[in-house]
Amino acid sequence: MATIEQSVRQTVDLFDKCRRFTAAREMMDRGLYPYFQPIEESHDTEVVIRGETKIMVGSNNYLGLTHHPYVLEKAREALARYGTGNTGSRFLNGTLDLHEQLESRLAALMGAEAALVFSTGYQTNVGIISGLVGRGSVIVQDRLNHASLLDGSQLAVGELARYAHGDMGALRRVLNRHRDANGILIASDGVFSMEGNIVDLPTLLDMKDEFGARLLVDDAHSVGVLGPNGGGTAEHFGMQDRVDLTMITFSKSFASIGGAVAGPEDVIHYLKHHSRPLIFSASMPGSAVATVLACLDVMEQEPQRRAQLWENAHYLRGGLNDLGFDTVGSETPIIPVSSGDMEKTFIFWKALFDAGIFTNPVLPPAVPENACRLRTSVMATHTREQLDRVLDAFQRVGRHLGIIGGAA
Ligand code: PMP
């Protein structure tokens, strides 16, 4: 029998792997580490990092509402009325009248019976899936769905099945295989966050009807962006009455933080009483909720913002394509730029950063080994002059690194 001393010595120290994790430190030592950049000041389309101003083309602030005077005023008013935090979950002491107002407004925007507000978009997805997909049920997901949808499946007791990105034939095979399941939920991003393409919603809807499944669309990057009223993917296709559940985040077009699900009243009622991320986490503070309500007002009153967003997206994507960059089939204000392997991507990112342009690197496992990208996204408030500076920097750096042709 092992002595106490031996068994202590043989035990694996959980922290060993942390000491062996050197990849990030190596990039830091080479001055190429792109993450956790501390923003000292934010001025909508520009940020200050270590005293230097950068044009922000790595934000999800699509409508440019984080600094809108009316939105700031409404957030300040709510701060004074409700204080800085709710110190409790929606279920207990953390529901404000503002949460309920927001739920009504969102239900109307999404053409749904009801809506439920969570504290983040991530929690919303985890809360919907883990709340609904029980024993014997199946959750079917596009392989490129956002991590929060996939993580929701980990908390759910049902089975996870995945299909290749956008492959409706593969989806059909998965659904066929699970015909006898105790209920099926198909989940898909409306706009895929690393690709910037729009889901084939009409086919997805036909398929879910044929197999008697339910559909959840993640509209994080669609609401405020797609559709005549900014109602998202289903409104874009004119099919709001056919989608079962829509998930929304407030961390993008709505200039805040938080999330919501819109759908039938009985499902929302069920989730209110069965969704652990809702019940066991503190609610969105009043100032954050008021921000979203104010953004909804601005969306209604200033529809030209969405038009400007699309004009800017066409301008930047067209410019990048004309320079010879591969924008990976982007159809929305999310515009990824193909950058090759990881090493080249870090160097590309750093050269643009030094030139005053903030982008986000996308690396495996989010994309295959040699298909890395720099992800850019435009805002309604980017000026033409700013977008030209972005294009100019991309041209100089892209040529220098041999990502596009032409003299450096
Ligand atoms: N879904 C998608 C498609 C997203 O891109 C994100 C955020 N990146 C989320 C969900 C999570 O939203 P939040 O940031 O509000 O937690």
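Residues numbered from 1 in each chain as written. Predicted model: local features only at pLDDT ≥ 70, side-chain atom pairs only at ≥ 80, totals over all residues. Heavy atoms only, no water.

### Here's the deal with the overall build of the protein
The condition that has to hold: Comment: elements are numbered from the N terminus, with helices defined as DSSP H or I runs of at least four residues and strands as E runs of at least two. For this measure, only C-alpha atoms enter the radius of gyration; the expected value for a globule follows 2.2 Å times N^0.38, where N is the number of residues. Remark: exposure states derive from per-residue accessible area (1.4 Å probe, protein chains only) relative to the maximum for the residue type, with buried under 20%, exposed over 50%, and partly exposed in between. Contacts: residue pairs with any heavy atoms within 4.5 Å of one another. Shrake-Rupley sampling with a 1.4 Å probe provides the accessible areas, and residues are treated as covered by the protein chains on show and by no other component.
When helices and strands are tallied, the protein shows 16 helices and 14 strands. The C-alpha atoms of the protein give a radius of gyration of 23 Å, which matches the 22 Å a tight globule of 408 residues would have. Expressed along its principal axes, the backbone C-alpha trace of the protein runs to roughly 75 × 60 × 50 Å. Across the 408 residues that make up the protein, the buried fraction comes to 53%. Put simply, of all contacts in the protein between residues at least 6 apart along the chain, 68% involve residues at least 24 apart. Surface exposure of the protein reaches about 18400 Å², of which carbon and sulfur atoms provide 52%.

### What to know about the sheet that holds strand β4 (residues 114–118)
To keep things clear, this is the line we draw: Being paired, for any two strands, means DSSP has found at least two bridges between them. Between N-to-C directions, angles span 0 to 180 degrees; the directions come from axes that are lines fitted to C-alpha atoms, helices contributing only their stretch in contact.
Strand order in this open sheet of 7 strands is β4-β10-β9-β8-β7-β5-β6, and the pairing throughout is mixed. Of all strands in the sheet, those bounded by a partner on one side alone are β4 and β6 (159–163). Looking at each pair of strands side by side, their axes are set apart by 20 degrees on average, direction ignored. Here 3 bridges tie strand β8 (residues 214–218) to strand β9 (residues 245–249), and the two strands are oriented parallel to one another. Residue pairing in the sheet places V217 in a bridge with T246 of β9. Along the sheet, helix α9 (residues 201–210) makes contact with β6, β7 (184–189) and β8, crossing β8 at roughly 155 degrees. Contacts from helix α11 (residues 265–274) reach β4, β9 and β10 (259–263), with the element oriented near 25 degrees to β4.

### Comments concerning helix α14 (residues 304–323)
Here is the rule we go by: Expected span, for any helix, means 1.5 Å times one less than how many residues it has.
Between its terminal C-alpha atoms α14 stretches 28 Å, which fits the 28 Å expected from 20 residues at 1.5 Å a residue. Every buried residue of α14 is listed here: R305, R306, L309, W310, N312, A313, L316, R317, G319 and L320. Contacts made by the buried residues of α14 are with α13 (286–301), β11 (334–340), β14 (372–377) and α16 (384–400). Trailing α14 by a residue or two, G324 shows a phi angle of about 105 degrees, which is positive.

### Regarding unusual backbone geometry
Between P364 and P365 the backbone carries a cis peptide bond, its omega angle lying at 10 degrees. Looking at where P365 falls in the secondary structure, it is placed in the loop between β13 (360–362) and β14. At T87, a position not held by glycine, the phi torsion is positive, near 50 degrees. In this fold, T87 is placed in the loop between α4 (69–82) and α5 (97–110).

### Examining the packing of helix α8 (residues 168–177) against α9
For any two helices packed against each other, one specifies the crossing angle of their axes together with the interaxial distance. The test is simple: Put simply, angles under 35 degrees are roughly parallel, angles over 145 are roughly antiparallel, angles from 65 to 115 are roughly perpendicular, and the rest are oblique. In a left-handed crossing the near helix is turned counterclockwise from the far helix by less than a right angle, and in a right-handed crossing that turn is clockwise. Note on residue classes: Ala, Val, Leu, Ile, Met, Phe, Trp, Tyr, Cys and Pro are nonpolar, Asp, Glu, Lys and Arg are charged, and everything else, Gly too, is polar.
It is at 11 Å that the axes of α8 and α9 come closest, and there the two elements cross at 15 degrees. Put simply, α8 runs roughly parallel to α9. Crossing of α8 against α9: the hand is right-handed. Of α9, the residues touching α8 (which contributes M168, L171, R172 and L175) are T203, L204, M207 and E210. Looking at the contact of α8 with α9 residue by residue, the classes come out as 5 nonpolar, 1 polar and 2 charged.

### A closer look at the domain arrangement of the protein
The condition that has to hold: For the domains described, the bounds stem from an automatic or database domain assignment. For any pair of parts, buried area is found by adding up, for both, the accessible area (1.4 Å probe) each one loses once the two are put together. What counts as a salt bridge is simple: a side-chain nitrogen of Lys or Arg found within 4 Å of a carboxyl oxygen of Asp or Glu. N or O atoms closer than or at 3.5 Å make up a polar contact, with two conditions inside protein: a donor-capable atom paired with an acceptor-capable one, and, for residues adjacent in sequence, both atoms drawn from side chains.
When the domains of the protein are assigned, the result is domain 1 (27–56 + 303–401) and domain 2 (69–301). Taken over C-alpha atoms, the centre of domain 1 sits 27 Å from the centre of domain 2. Across the domain 1 to domain 2 interface the summed buried area is about 1300 Å²; carbon plus sulfur atoms make up 52%. Looking only at domain 1, the three residues that lose the most surface to domain 2 are R306, E331 and I334, adding up to 37% of its buried area. Taken together, the connections running from domain 1 to domain 2 amount to 1 salt bridge. At the boundary of domain 1 with domain 2, the tally comes to 9 residue pairs in polar contact (both at pLDDT 80 or more). Split by residue class, the side of domain 1 that touches domain 2 holds 9 nonpolar, 4 polar and 5 charged.

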